[in-house]
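Residues per chain are reported as follows:
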Amino acid sequence: MNIILLGPPGAGKGTQARHLVETRGMVQLSTGDMLREAKSSGTKLGQKVAAIMDTGKLVTDEIVIGLIEEKLTSESGAGFIFDGFPRTLAQADALAALLAKLGQSLHTVVEMRVDDDALVKRITGRFTCGDCGEVYHDDINPTAKAGICDKCGGTEMTRRGDDNEVSLRTRLMEYYKKTSPLIGYYYAKGDLRPVNGLADITEVQKSIEAILG
Ligand code: AMP
């Protein structure tokens, strides 16, 4: 089963994807994570995208489609979770073509609905364990012991360079201009299932579980 988690930055896509990886053995394909990895390892691609990512603009379709194509042929599991991809209509068409080439299809597109005020709050307090990638929030979802990851005991907490109000404004604008048309695109195909992304994490998990069956 292959699914897309669709929603604005801070909607909780990464958190829900990680849960599905743990409970169902699915494979999370986050183009944001792939690009950040390229950035921190200083590859040519990373250098090329670093400045664009920091401003909150989208990188080119060609780059992210290439990254996804590579992972689709090299990774396997109980289905793919597309997290932060596709973000444009061209990416959505490319994904359909790539899946068809592999004899696969898309099961569901989960649209995570949240309002902009909640996003600012969520994004500005967000931090991640540098060892295992678990995502926390200063107020909404803090670690049990300050500075220590509940999951793996790691102590290297990181904050994303683009998780600030200025970048977030650009990221939201990019979302509304280029990504939100995908809601209509998948609705028309009959694939779209909305969930209330403002509910607490376990409630959202339950809603998604109910959709996936
Ligand atoms: P994310 O972690 O999904 O919030 O992505 C962080 C940043 O990576 C975005 O603001 C974009 O600059 C870039 N990015 C991630 N995924 C895509 C995509 N599918 N298309 C274009 N740019 C992307």
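Residues numbered from 1 in each chain as written. Predicted model: local features only at pLDDT ≥ 70, side-chain atom pairs only at ≥ 80, totals over all residues. Heavy atoms only, no water.

A description of helix α4 (residues 61-74) should follow, citing residues and the corresponding values.
An ideal rise of 1.5 Å per residue puts 20 Å on 14 residues; α4 measures up with 20 Å between its terminal C-alpha atoms. Along α4, the residues that are buried comprise I63, V64, I65, L67, I68 and L72. Taken together, the buried residues of α4 touch β2 (27-30), α2 (31-40), α3 (44-55), β3 (80-83) and α5 (89-101). (Helix = DSSP H or I, 4+ residues; strand = E, 2+ residues; numbered from the N terminus. Expected span 1.5 Å × (residues − 1). Buried < 20%, exposed > 50% of the residue type's maximum accessible area, 1.4 Å probe, protein only. Contact = heavy atoms within 4.5 Å.)

Could you give an account of the sheet that holds strand β6 (residues 135-137), with specific residues and numbers?
Spatially, β6-β5-β7 is the arrangement adopted by the three strands of the open sheet, whose pairing is antiparallel. The open sheet is flanked by β6 and β7 (157-158), the only strands paired with a single partner. The pairing of strand β5 (residues 126-129) with β7 spans two bridges and is antiparallel. Among the inter-strand pairings, C129 is bridged to a residue of β7, identified as M157. (Pairing = 2+ DSSP bridges.)

So what about unusual backbone geometry? Which residues, and what values?
Residue P86 follows F85 across a cis peptide bond; omega there is -5 degrees. For P86, the position within the fold is in the loop between β3 and α5.

An account of the environment of R113 is requested, with residue identities and associated values reported.
Topologically, R113 is positioned in strand β4 (residues 108-113). R113 gets classed as partly exposed once you look at its relative accessible area, which sits at 47%. Measuring from C-alpha to C-alpha, the distance between R113 and D93 comes to 23 Å, with 20 residues separating the pair along the chain. The residues contacting R113, other than those within four sequence positions of it, are P194, V195, N196, G197 and L198. Among the polar contacts made by the side chain of R113, one reaches the side chain of E111 at a distance of 3.2 Å. (Polar contact = N/O pair within 3.5 Å; in protein donor to acceptor, adjacent residues only side chain to side chain.)

Could you give an account of the sheet that holds β4, naming the residues involved and the relevant values?
Taken together, five strands build an open sheet; the order of strands is β2-β3-β1-β4-β8 and the sheet is parallel. The open sheet has two edge strands, β2 and β8 (192-196), and neither has a second partner. Strand-to-strand twist across the sheet, computed as the mean angle between neighbouring axes with direction ignored, equals 25 degrees. Of the pairings in the sheet, the one linking strand β1 (residues 3-6) to β4 comprises four bridges and is parallel in character. By the bridge assignment for β4, L5 is matched with V110. (Axes fitted to C-alpha atoms, helices over the stretch in contact; angles between N-to-C directions.)

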